[in-house]
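# Understanding the architecture of this molecule
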Amino acid sequence: MKKITQITLAALLAAPVTLGTLSLPTSASAASATPVAPKTLHVNTPAVKAPAVYTESAADFAQFLQAKYGIQLPQQASKGDFIKAIATITEASSAASTSTDSAKAPAFSDLKSGDDAYEAAVALFNNGVLTATEVHAKDQLSIYTAVFLAVKAAGFKELAYTYPADKTAKALAKAGIKSDRLQGQAGQELAAAIDTGLVPESLYPALVKGGVASKDAANILLGRVLISQGKYKNEIGRSNDADIYSKLYAAYRTADLIEAPELRKIVDQALREDLVTGYNLKDSRFDSNFIDELTLTYGHDSINHAVQLIGLLRSEGIDADVQFQPKTSAFIYLKEWGEPKETPDYKVTQIENGNYIAYAKEYDIQFEFNNTADKTRFNDIVLKFAKKNSTSQSPLIINSWWQPLYYSPTALANFPVITNNKITLGHYYAQSFSLKENAKAIQEGFRKLAPEANITSYNFWVDQPFFNYLNGGSE
């Protein structure tokens, strides 16, 4: 049993037909001094180079736009192409299509119903992004037109119109643009786009030059609109960021046990009925919105392990986007294990048969890798440096598990497929992992317990050690 007692709490997410009633307990002043004026001392020291800060590129944004929205701009986009893209990412066109008020449709002088960009143009006109009834949808997209559309779509229009002339001129000067080049609201909109970062420094030369917008410039502006609206990736940083460890600790310290009483009542009953042996509670507001093909989710309970895992990736030359997701794991604590000891991160509720339901603070970290090769290599790195195989094994990173848990929403070579059985109420959801052959019974059981709840299931790809665990293996 020595190996078994070190199984992750997160691993207790399988149907009882696999694990029976097996459940596991949780492991569970500075001195002050008066300053003295220093002597003047001249020392020649090498200049310290500030760490590079990762900036999303046009290619990053293009990849995201295609993966999430199916947007792929042509090499030379028209204004109509950009209008359609803006309407898609702001969901303006879908909102407009649900409206039955035909009076809202403007009388465009050069667009009619059925034209390619018509619905998107109507939506943006009604949202105040388009301000004229002459659209010029077939014209080549100019850099200034793209910025004027983007600044309003990003939600900075009202801010822009607060700019007095001197503030506008000062902002335009940052990009090397003379204040007399743009008049009125056009100058205000461009100034706000510059000050807010909607237009990054990399686009300043294009603004000075004017003319047609490049494909890269258009993708950057679309990406910056997504960021401004909170629709881009949701992350705490990148693994190579200088402050990533501080951000990890901050995220962990501020994460509490997830209560979600309505939802917990349902899945706790599933535990009582041995429908499942464990489940996780999570909050969809922490979803990463990463690109599926490049994403892995890694579960654990030790913040020290998370920090060392990030360091391990850095030492192996892997940089990745990082999102921290609070998670509460629930499982049956058997009464014969003795009186459980509660902490702020570990609570229990006694049930009718004398056992307890235990709730333990854990987390998931989602990684979005730069490429599929790095994503694939992650498995080899974990198996070598973060997977326990014996009680005397070393060296491994701290608090390594016998059955590390990490999984992908898309296929990975040598990763078996299992099922996530999920119940959602509001922005909270409970999930229980199972073998595919056990999923139907779990889903039917969930529906009996909560016929009105949103119950879904999907298959995903999991690391081999965890799959072995679901099949009763200890490693």
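Residues numbered from 1 in each chain as written. Predicted model: local features only at pLDDT ≥ 70, side-chain atom pairs only at ≥ 80, totals over all residues. Heavy atoms only, no water.

### Thoughts on the confidence of the model for the chain
Across the chain, pLDDT averages 89, with 86% of residues at or above 70. Across residues 1-43, confidence stays below pLDDT 50; counting only partners more than four residues off in sequence or on other chains, it has 87 contacts. (pLDDT = per-residue confidence, 0-100. Contact = heavy atoms within 4.5 Å.)

### So, helix α8 (residues 165-174)
Within α8 the residues assigned to the buried category are Thr168, Ala171 and Leu172. Axial view of α8: buried residues confined to an arc of 100 degrees, hence all on one face. Away from the buried face of α8 by more than 90 degrees, exposed residues Asp166 and Lys170 are located. Buried positions along α8 lie against α9 (184-195). (Buried < 20%, exposed > 50% of the residue type's maximum accessible area, 1.4 Å probe, protein only. Helix = DSSP H or I, 4+ residues; strand = E, 2+ residues; numbered from the N terminus. Arc of directions from axis to C-beta.)

### Side note on the pattern of salt bridges
For the structure on display, the rule yields 20 salt bridges. Taking the shortest distance from any N to any O, the salt bridge between lysine 84 and aspartate 116 comes out at 2.4 Å. Separated by 32 residues along the polypeptide, lysine 84 in helix α3 (residues 79-89) and aspartate 116 in the loop between α4 (92-97) and α5 (118-126) bring together distant segments of the chain. Take lysine 84: its relative accessible area is 26%, and that puts it in the partly exposed class. Taking the shortest distance from any N to any O, the salt bridge between lysine 247 and aspartate 243 comes out at 3.5 Å. The class of lysine 247 is partly exposed, set by a relative accessible area of 31%. Where salt bridges share partners, they join Glu56, Lys233, Arg238, Asp319, Asp321 and Glu368 into one cluster. (Salt bridge = Lys/Arg side-chain N within 4 Å of Asp/Glu carboxyl O.)

### Overview of the packing of aromatic side chains
Two numbers describe a pair of aromatic rings. These are the distance of the centres and the angle of the planes. Following the criterion strictly, the structure yields 23 aromatic pairs and no others. Pairing tyrosine 252 with phenylalanine 324 gives two aromatic rings, centres 6.4 Å apart and planes at 85 degrees, and the pair type is edge-to-face. Of this pair, tyrosine 252 sits in helix α12 (residues 244-253) while phenylalanine 324 sits in strand β4 (residues 320-333), and the two are 72 residues apart along the sequence. Residue tyrosine 252 is classed as buried on the basis of its relative accessible area, which comes to 16%. Assessed through its relative accessible area of 2%, phenylalanine 324 is described here as buried. A connected cluster of aromatic rings, assembled from ring pairs, spans Tyr298, Phe367, Phe369, Phe378, Tyr406 and Phe415. Here the guanidinium or amino end of arginine 238 rests over the ring plane of tyrosine 54, the centre of that ring lying 3.9 Å away. Over the face of the ring belonging to tyrosine 429 we find lysine 422, whose NZ or CZ atom lies 4.2 Å from the ring centre. (Phe/Tyr/Trp six-rings, centres within 6.5 Å; stacked < 30°, edge-to-face > 60°. Lys NZ or Arg CZ within 6 Å of the ring centre and 35° of its normal.)

### Some points on the environment of phenylalanine 367
For phenylalanine 367, the location among the structural elements is in strand β6 (residues 356-369). Taking relative accessible area as the criterion, phenylalanine 367 reaches 0% and is therefore assigned buried. Each C-alpha atom, one on phenylalanine 367 and one on phenylalanine 324, is 9.2 Å from the other, the two residues being 43 residues apart in sequence. For phenylalanine 367, the residues in contact, after removing those within four places along its chain, are Phe290, Leu294, Thr295, Leu296, Tyr298, Leu309, Ile310, Leu313, Ala320, Asp321, Val322 and Phe378.

### Let's talk about the side chain of aspartate 321
Note on placement: aspartate 321 falls in strand β4. Polar side-chain contacts of aspartate 321 include one of 3.5 Å to the side chain of lysine 233. A polar atom in the side chain of aspartate 321 sits 3.0 Å from the side chain of arginine 238. Sequence-distant contacts of aspartate 321, defined by excluding residues within four places in its chain, comprise Glu56, Lys233, Glu235, Gly237, Arg238, Phe290, Gln366, Phe367 and Glu368. (Polar contact = N/O pair within 3.5 Å; in protein donor to acceptor, adjacent residues only side chain to side chain.)

### Looking at the layout of surface pockets
As a volume, the largest pocket reaches approximately 490 Å³. Along the wall of the largest pocket there are 26 residues; nearest its centre are Asp287, Gln366, Lys422, Tyr429 and Tyr458. Among the secondary structure elements, those contributing two or more residues to the lining of the largest pocket are β3 (295-300), β8 (417-425), β9 (428-434) and β10 (454-462). At four residues, β9 tops the list of elements feeding residues into the lining of the largest pocket. Here the residues of the lining of the largest pocket are counted per class, giving nine nonpolar, 12 polar and five charged. (1 Å grid on protein atoms, 1.4 Å probe; cavity = no way out; pocket = protein on both sides within 12 Å on 5 of 7 lines; lining within 4 Å. Points joined across faces, edges and corners; volume = space filled by probe spheres on them. Nonpolar A, V, L, I, M, F, W, Y, C, P; charged D, E, K, R; others polar.)

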